[in-house]
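A structural walkthrough
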Amino acid sequence: MNRLGVQPRSSPARPAELALLGNVEHPATLTVGDLRDGWEQHRAEVVFDCATSGPQQHRFEGPLLREVVLDAHPLFDVRRRKDRSRFVLAVSGGDGHRTVLAWAEIDADFGDAPVLLATRLDGRDLDTAGSQLVVPVDRCGARYVSAITHVWVGEWAVPA
Ligand SMILES: Nc1nc2c(c(=O)[nH]1)N[C@H]1C(S)=C(S)[C@@H](COP(=O)(O)O)O[C@H]1N2
Ligand SMILES: [Mo]
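Residue indices follow the written sequence of each chain, beginning from 1 at its first position. To read the labels, note that chains go from A and ligands from 1, taken in the order they are written. Whole-chain, interface and lining totals are the exception, using all residues; otherwise, since this is a predicted model, local features are given only for residues with pLDDT of at least 70 and side-chain atom pairs are given and counted only at 80 or more. Heavy atoms throughout the structure, all of them, feed into the side-chain values; hydrogens and water do not.

- Under an unreviewed UniProt entry, the name given to the protein chain is Molybdopterin-dependent oxidoreductase, and the organism recorded is Streptomyces sp. NBC_00148.

**Re the sheet that holds strand E4 (residues 54-62)**
- Two strands pair under a simple rule: DSSP has to find at least two bridges between them. Each helix corresponds to a stretch of at least 4 residues labelled H or I by DSSP, and each strand to a stretch of at least 2 residues labelled E; elements are numbered beginning at the N terminus. The antiparallel open sheet is built from four strands, whose spatial order is E3-E4-E8-E9. The two strands at the open ends of the sheet, each matched to only one other strand, are strand E3 (42-50) and strand E9 (124-125).

**Examining the site of ligand 1**
- We call a residue near a molecule or strand whenever a single non-hydrogen atom of that residue lies within 4 Å of it. Around ligand 1, the surrounding shell consists of Phe48, Cys50, Gln56, His58, Asp95, His97, Gly141, Ala142, Tyr144, Val145 and Ser146.
- N or O atoms closer than or at 3.5 Å make up a polar contact, with two conditions inside protein: a donor-capable atom paired with an acceptor-capable one, and, for residues adjacent in sequence, both atoms drawn from side chains. Within the side chain of histidine 58, a nitrogen or oxygen atom sits 2.9 Å from an oxygen atom of ligand 1.
- Taken by itself ligand 1 offers 530 Å² of open surface, and the protein chains cover 68% of this.
- Elements supplying a minimum of two residues to the shell around ligand 1: E3 and E4. Note on areas: these come from Shrake-Rupley sampling with a 1.4 Å probe, and a residue is covered only by the protein chains present in the view.

**Here we look at the nonpolar core**
- Residues Leu20, Leu65 and Leu133 are the most contacted members of the largest nonpolar core, which totals 38 residues.
- Two residues qualify as a contact provided that any one of their heavy atoms is within 4.5 Å of a heavy atom in the partner residue. Setting aside residues up to four positions removed in sequence, leucine 65 forms contacts with Leu89, Leu101, Ile106, Val115, Leu116, Leu117, Leu133 and Val151. Here the nonpolar core consists of buried residues drawn from Ala, Val, Leu, Ile, Met, Phe, Trp, Tyr and Cys, with membership extended through side-chain atoms lying within 4.5 Å. The cut-offs for exposure are 20% and 50% of the maximum accessible area for each residue type, with area from a 1.4 Å probe on protein chains only; residues under the lower value are buried, those over the upper are exposed, and the others partly exposed.

**Let's talk about the environment of aspartate 109**
- Position of aspartate 109 among the secondary structure elements: in the loop between helix H4 (103-106) and strand E7 (116-118).
- In this structure aspartate 109 comes out as partly exposed when scored by relative accessible area, which is 44%.
- Sequence separation of aspartate 109 and arginine 81 is 28 residues, and the distance between their C-alpha atoms is 7.6 Å.
- If we skip the residues at most four places from it in the chain, aspartate 109 touches Arg81 and Arg84.

**Thoughts on the pairing of strand E2 (residues 28-31)**
- With four bridges connecting them, strand E1 (residues 17-22) and E2 associate as antiparallel partners. Residue pairing for E2: alanine 19 is matched across the bridge by threonine 29.
- With antiparallel pairing between neighbouring strands as the criterion, E1 and E2 make up a hairpin whose turn holds five residues.

**Details of the pairing of E4**
- Judged from the nine bridges that link them, E3 and E4 form a sheet pairing that is antiparallel. Paired with arginine 43 across the two strands is glutamate 61, which belongs to E4.
- The antiparallel hairpin formed by E3 and E4 contains three residues in its connecting segment.
- Pairing of E4 with strand E8 (residues 120-121) involves two bridges; the strand directions are antiparallel. From the neighbouring strand, glutamate 61 faces E8, where its bridge partner is arginine 120.

In structure tokens form, the structure reads like this:
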């Protein structure tokens, strides 16, 4: 911001952040830079179908969602498959679009899906746009939530 209260064109835009929260021991706020520097980057070349714009082909890079979430220490006994299988993940985008995944979809002992939190899309860094969910096992694009603001981790608890 300069003295006129105007954002100069040359200044870099504010980096996007996502909140990792819910039934976890260590909630965190993560920038795309954190996602790039903190975990091994995986690549995914994907094709998905969009109901409105047809087939889309993209190249993504980023950490595995399960590695990022595991480092926040979900409140399950990591050694017990049945305990882990009760958990779900809810992912929201800046525009209100949101989706859910079962923890078991990405757990190596269950679906083992290589779901990513993208840091790069088609060779472009996502630092200002925000991370995008990459679900290579999906045939359609609805769960490729972009501009992620929240990843909520929670346990299905039976209503009293
Ligand atoms: N935040 C957000 N992410 C979103 C959507 C949306 O409306 N909002 N639409 C989804 C749908 S329906 C599709 S097909 C893909 C399209 O991704 P693309 O435009 O990068 O090809 O984004 C997904 N991610
Ligand atoms: Mo879509």
